[in-house]
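# Architecture and fold: a report
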Amino acid sequence: GVRLSSMEAESKGGWFGGKKKDKKDDKEEEEAWSKQATIFKEFGKMGVKKTIAFTHDSDVAVEVVYEESDYLPAGTSSDIVKYNITGVEKFAADMVKKGLGAPKVSIQFELSGSGIVKLLKAEATVEETVEVEVEEEVEDPDAVDEEEEVEEEEPVAEEEAAEEEEKKEESEKEAEAASEAASEADADSEEKEKEKEEEEEKE
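These remarks concern the structure in this document. Computed from a predicted model, the values in this text were never measured in an experiment. (Residues numbered from 1 in each chain as written. Predicted model: local features only at pLDDT ≥ 70, side-chain atom pairs only at ≥ 80, totals over all residues. Heavy atoms only, no water.)

### Quick look at a nonpolar patch on the surface
This is how the line gets drawn: Patch rule: a residue counts if its relative accessible area is over 30% and it has no salt bridge; like charges are joined within 9 Å, and nonpolar side chains (Val, Leu, Ile, Met, Phe, Trp, Tyr) within 5 Å. Here the accessible surface of atoms and residues is derived via Shrake-Rupley with a 1.4 Å probe, and residues count as covered only by protein chains that are part of the display. Salt bridges, as used here, are contacts in which a Lys or Arg side-chain nitrogen is within 4 Å of a carboxyl oxygen on Asp or Glu. Secondary structure counts use DSSP, requiring at least four H or I residues in a row for a helix and at least two E residues in a row for a strand, with both numbered from the N terminus.
Together, Val 130, Val 132 and Val 134 make up an exposed nonpolar region whose accessible area comes to about 340 Å². Note that Val 134 resides in the loop between β7 (117-125) and α4 (141-202).

The following block contains the structure:
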């Protein structure tokens, strides 16, 4: 399991109890912050990682210990390894100056394939809400009117183009008719000349 406590409380007595405690110190320690959690169960799977997270504003002392078990040999110490996680208190103070809350501390442990527990990483983070201004696109009513006017003008332009095409076709038909009439007139005049020549020969 893992035992967590503020380093301030641990420093008063030391890890190994080098300083004699008085009643006042005992009372302060009882009120001091601490947590305990089971991260790797007995006979559990090895080669896994576990993370514990909590909100805290001071440096943390971490103890990895054996929990009570009938499988531990008599006289075996419960302590496995100890860590001091520093920098949390300074980070928390900086966040307070910025008007932010206490940081969230995350500690990740690994139980290796050979059964060795070690601390992989520890980090403190805070969440900051940032307001972002979003520019909204507003349609220009004048631009909409122009589009509508253009749409209305398109059919008129199409009608004018159709009328011009019809006029062009009529002009071409008239030109063809005039050309045919001229050809017929020329043919009539040639026939009349031939008839006149034949009459003169007869005389």
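### A closer look at the sheet that holds β7
Short version of the rule: We call two strands paired when DSSP finds no fewer than two bridges between them. Here an angle of 0 to 180 degrees is reported between the N-to-C directions of two axes, which are lines fitted to C-alpha atoms, with helices fitted over the stretch in contact.
Pairing in this open sheet of 3 strands is antiparallel, and the strands run β3-β6-β7 from one edge to the other. Whereas interior strands pair on both sides, the edge strands pair on one side only; in this sheet they are β3 (48-55) and β7. Direction aside, the axes of adjacent strands within the sheet are offset by 20 degrees on average. By the bridge criterion, 8 bridges tie β3 to strand β6 (residues 104-111) in an arrangement that is antiparallel. What sits directly across from Val 48, in β6, is Leu 111.

### Quick look at unusual backbone geometry
Heads up, the condition is: The cut-offs for exposure are 20% and 50% of the maximum accessible area for each residue type, with area from a 1.4 Å probe on protein chains only; residues under the lower value are buried, those over the upper are exposed, and the others partly exposed.
Phi angles above zero are rare outside glycine, and Phe 43 is one such case at about 60 degrees. As for its position among the elements, Phe 43 is in the loop between β2 (34-37) and β3. The class of Phe 43 is exposed, set by a relative accessible area of 69%.

### Quick notes on the packing of aromatic side chains
The cut-off we apply is this: Aromatic rings from Phe, Tyr and Trp, with only the six-membered ring used for Trp, were paired whenever their centres fell within 6.5 Å, and each pair was classed as stacked if the ring planes differed by under 30 degrees, edge-to-face if by over 60, and tilted otherwise.
Scanning the entire structure with this criterion turns up 1 aromatic pair. Consider the rings of Trp 33 and Phe 54, whose centres lie 5.4 Å apart with planes at 35 degrees: the pair is tilted. Here Trp 33 is found in the loop between α2 (23-31) and β2, whereas its partner Phe 54 is found in strand β3, with 21 residues between them in sequence. Residue Trp 33 is classed as partly exposed on the basis of its relative accessible area, which comes to 22%.

### Re helix α3 (residues 88-97)
This is how it is decided: Here, the arc refers to the directions that run from the helix axis to the C-beta atoms. Throughout, a contact is declared for two residues whenever any of their heavy atoms are within 4.5 Å.
Along α3, the residues that are buried comprise Val 88, Ala 92 and Met 95. Angularly, the buried residues of α3 cover 60 degrees about the axis, an arc narrow enough to put them on a single face. Turned more than 90 degrees from where α3 packs its buried face, Lys 90 and Lys 97 sit exposed. The elements touched by buried residues of α3 are β5 (79-85) and β6. A positive phi of about 80 degrees marks Gly 99, the residue just after α3.

Functional significance is not addressed by these values, which are geometric in nature.
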